[in-house]
Amino acid sequence: MAYDLLIKNGRVIDGSGMPAFRGDVGVTRGKIVAVGKLRDSAARTIDADGLVVAPGFIDNHCHYDAQVTWDPLCTFSCYHGATSVIIGNCSLALAPVRRGRESRLAEFLSYVEAIPMEVLSTVNMTWETVGEYMDTLDKRLGVNVGNLIGHSAVRYYVMGDECQGRAATPEEIEAMRGIVHEGMQEGALGLSVSKNRGHYDPQGVHIPAFWAEEKEMFALADVLGELGVGTIQSGGGRDAELENRLMTRLAEACGRQLVYNNLGQSVRQPEAWKQHMALVEETARAGIRANPLCTPNSNTTRFTMRNTQAFRGIPTWHPILLASDEDKLRAYSDPAVRQQLHQEVVEWVADLPGANLGKRWYDYIWIGETMLPKNQQWQGKSIREMAEAQGKRIIDGFLDLVVEEHLDTVFLEGSSNVDKEAMAQILNYPNAYIGLSDGGAHVQFHGGYGYSTRLLGYWVRQEQIMSLEQAVRRLTFEPASTFGIYDRGLLRPGLAADITIFNPDTINPMPEDTVHDFPAGGWRIRELAQGVHY
């Protein structure tokens, strides 16, 4: 038979975790029809010699709810191998919506996910129901989009301005259940809820979903249980799980897969991930599907010692941060001040409950950019590494550089997911699912789109924490199964031909830059990739 597309001579990694093999993939009418050593001709042929042929990656935690209406490719996830994205997370969505309430609904998404309101205001919300929203997207898509029904949107639709501040009545809960039931029947992938204490509207009030009592959350989740389909996603799930096992109890009650944010390593609580993992293990042993997401991305902040907030709450350091630059330099040069700082943040002679600093801060602050050519050798080194290389105390090595470069040295502070040994365990943990790009959110602060290319380039190729086959499975088959997308995630005959082709020797996220390509003249952080060919 003749194929529409023939991908030849590739290193086929089919998403199952089984060993790679050299072979071809034949595609006809959007479906995979053959995998192996194929001899037939094709209308189009791609020579994938030296490249990996894999299922398209599924970006399982995104906020493209508005962006997809003007950017059907959902950039920049697609540049990192994603052929499917999942939106409507953390209870935030743009449907259902009543006429006249569009702007207020958009405010919840705007403020929580840091998407400028002037950009969201350009979206013409012609829909009302969840189904009508999905029908609107269906008319112009470049990638596959899976939609979750957002609890905050549903609560606002039913309760209006009273959605924040009180419990729902039984009648209101029943009305919400009806919306969730209708949305699921119209093709939504599931329901998203939130117990995130840090998610507010622009007025400083918690978003609608946060106000829901447990009986409301359980009633909505039970709709999925009654239908026997769908996945539940929760923002702020980690704290709720640690506090009273809410995620486990919700998943057990409705019998559905539940995923929540998130399992990660924190600099300030370096051992907390182990305690969380132990709870997840208990839940898994009980046969309950309540699984955290995790990400290969680390969180880092740039600062100089002119304006840093990293050392707030340290008794000796805090007043120095508020002083003039001249007084800062004078203090940092003073041996007595250095001795006090050494005792407070190296020896930790007393507990400092108001401090923002982890006790191993010198391992998680790196020299990013130096001002003097002779100091360039320290770029990329941690404070500890630089100090030890010079035979100095940590405080002396750090402040010698700060003073020498007149407070202008650029430092990088890691706040999470920077401990390599911890991350190797987290990313390999089978009861946590990899993803959490947050694509489409925080658009003027950081990317996150490159979680997949970072996994493959840094954690697999450079750090070798797992096989390439296992990493591809983590990016394809696992998220497809988690969200019930059963016709994708594997290279198997009969399944959708969602395919990505990449070079395992070069794949990586590229450095972030800025582009002005949003509506209303808006700008955003761009993160492209190298090594992704198709």
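Rules and cut-offs
- Residues numbered from 1 in each chain as written.
- Predicted model: local features only at pLDDT ≥ 70, side-chain atom pairs only at ≥ 80, totals over all residues.
- Heavy atoms only, no water.
- Helix = DSSP H or I, 4+ residues; strand = E, 2+ residues; numbered from the N terminus.
- Buried < 20%, exposed > 50% of the residue type's maximum accessible area, 1.4 Å probe, protein only.
- Contact = heavy atoms within 4.5 Å.
- Areas by Shrake-Rupley, 256 points an atom, 1.4 Å probe, with all protein chains shown as cover.
- Lys, Arg positive; Asp, Glu negative; His and termini not counted.
- Charge placed at Lys NZ, Arg CZ, Asp CG, Glu CD.
- Pairing = 2+ DSSP bridges.
- Axes fitted to C-alpha atoms, helices over the stretch in contact; angles between N-to-C directions.
- Phe/Tyr/Trp six-rings, centres within 6.5 Å; stacked < 30°, edge-to-face > 60°.
- Core = buried A, V, L, I, M, F, W, Y, C linked by side-chain atoms within 4.5 Å.
- 1 Å grid on protein atoms, 1.4 Å probe; cavity = no way out; pocket = protein on both sides within 12 Å on 5 of 7 lines; lining within 4 Å.
- Points joined across faces, edges and corners; volume = space filled by probe spheres on them.
- Nonpolar A, V, L, I, M, F, W, Y, C, P; charged D, E, K, R; others polar.
- Salt bridge = Lys/Arg side-chain N within 4 Å of Asp/Glu carboxyl O.
- Patch = residues over 30% accessible without salt bridge, like charges linked within 9 Å, V, L, I, M, F, W, Y side chains within 5 Å.
- Right-handed = clockwise from strand over helix to strand, strands pointing away.

Here the focus is the overall build of the protein chain. Of regular secondary structure, the protein chain possesses 18 helices and 21 strands. Its C-alpha atoms give the protein chain principal-axis dimensions of roughly 75 × 65 × 50 Å. Scored against the burial criterion, the 534 residues of the protein chain give a buried share of 56%. Long-range contacts, defined here as pairs at least 24 residues apart, represent 74% of the contacts in the protein chain between residues at least 6 apart. Accessible surface, the protein chain: about 21800 Å² in total, of which carbon and sulfur atoms supply 48%. In the protein chain, 50 positive and 67 negative side-chain charges are present, and the distance between their average locations comes to 4 Å.

Let's shift gears to the sheet that holds strand E7 (residues 82–87). The eight strands lie next to each other as E6-E7-E8-E9-E10-E11-E12-E16, forming an open sheet whose pairing is parallel. Sheet topology places strand E6 (57–59) and strand E16 (433–434) at the edges, where each strand pairs with a single neighbour. Pairing analysis gives five bridges linking strand E9 (residues 190–194) to strand E10 (residues 231–235), with the strands arranged parallel. Across the sheet, the residue bridging to Ser 192 is Gln 233, located in E10. Where helix H8 (residues 246–254) meets the sheet, it contacts E10, strand E11 (258–261) and strand E12 (290–294), and its direction lies at approximately 165° from that of E11.

Counting across every chain of the model gives 18 aromatic pairs. Plain terms: the ring middles of Trp 317 and Phe 398 are 6.3 Å apart, the flat faces sit at 50° to each other, and that makes the pair tilted. In this pair, Trp 317 sits in helix H10 (residues 317–321) while Phe 398 sits in helix H14 (residues 394–404), placing the two residues 81 residues apart along the sequence. Each member of the pair Trp 317 and Phe 398 is classed as buried. Taken together, the ring pairs connect Phe 303, Phe 311, Trp 317, Tyr 332, Trp 361, Tyr 362, Phe 398 and Phe 411 into an aromatic cluster.

Grouped together as the largest cluster of nonpolar side chains are 96 residues, with contacts concentrated most on Tyr 133, Leu 427, Leu 455 and Phe 502. Core analysis: the second largest hydrophobic core is formed by 33 residues, Phe 311, Ala 331, Ile 383 and Phe 411 among them.

A volume near 340 Å³ is recorded for the second largest pocket. Val 145, Gly 146, Asn 147, Gly 187 and Leu 189 are, among the 19 residues lining the second largest pocket, the residues nearest its centre. Among the secondary structure elements, those contributing two or more residues to the lining of the second largest pocket are E7, helix H3 (130–138) and strand E8 (144–150). Residue composition of the lining of the second largest pocket, grouped by class: eight nonpolar, six polar and five charged.

Another point: empty space enclosed by the protein. The final tally for this structure, using the stated rule, is three cavities of 30 Å³ or more. Quantified by volume, the largest cavity comes out at close to 40 Å³. If you go around the largest cavity, the residues you meet are Pro 55, Gly 56, Ile 58, Thr 83, Ser 84, Arg 488, Gly 489 and Asp 498. Considered class by class, the residues forming the lining of the largest cavity number two nonpolar, four polar and two charged.

It is worth spelling out unusual backbone geometry at this point. Most peptide bonds take the trans configuration, and most residues that are not glycine carry a negative phi. Cis geometry marks the peptide bond from Ala 95 to Pro 96; its omega dihedral reads 0°. Omega for the bond connecting Asn 261 with Asn 262 falls within 30 degrees of zero, at -20°, which places this linkage in the cis form. Considering the arrangement of structural elements, one finds Asn 262 in the loop between E11 and helix H9 (272–285). Unlike most non-glycine residues, His 406 shows phi in positive territory, near 55°. When you line up the elements, His 406 lands in the loop between H14 and strand E15 (410–416).

Overall, the coordinates contain 40 salt bridges when judged by the stated rule. In this structure, Glu 213 and Lys 215 form a salt bridge, with 3.9 Å as the shortest nitrogen-oxygen distance. On the accessibility criterion, Lys 215 (53% relative accessible area) is exposed. Among the ionic pairs, Arg 330 bridges to Asp 327, the shortest N-O distance being 2.4 Å. In this pair, Arg 330 and Asp 327 are both assigned in helix H11 (residues 325–333), three residues apart and thus about one turn of the helix distant. Where salt bridges share partners, they join Arg 338, Lys 392, Arg 393, Asp 396 and Asp 400 into one cluster.

On to a negative patch on the surface, then. Taken together, the side chains of Glu 132, Asp 135, Asp 138, Glu 182 and Glu 186 make up a negatively charged region of the molecular surface. When residues in the negative patch are grouped by element, the largest group, three residues, is from H3. Mapped onto the elements of the fold, Glu 182 is located in helix H5 (residues 170–185).

Of all five residues making up E12, five are buried, and the element is well covered by its neighbours. By the alternation rule, side chains of E12 split into Ala 290, Pro 292 and Cys 294 and Asn 291 and Leu 293, which are all buried. When E11 meets E12, the two strands line up parallel, connected through four bridges. Looking across to E12, one finds that Val 259 is bridged to Asn 291. Remark: the E11/H9/E12 crossover connection has right-handed handedness. Two elements, E12 and E16, share two bridges in a ladder whose sense is parallel. By the bridge assignment, Leu 293 is partnered in E16 with Tyr 433.

Buried residues dominate E10, accounting for five of its five residues. Residues Thr 231, Gln 233 and Gly 235 line one face of E10 and the alternating positions Ile 232 and Ser 234 line the opposite face, and both faces are buried. As for the winding sense of the linkage, the β-α-β connection from E9 through helix H6 (residues 214–227) to E10 is right-handed.

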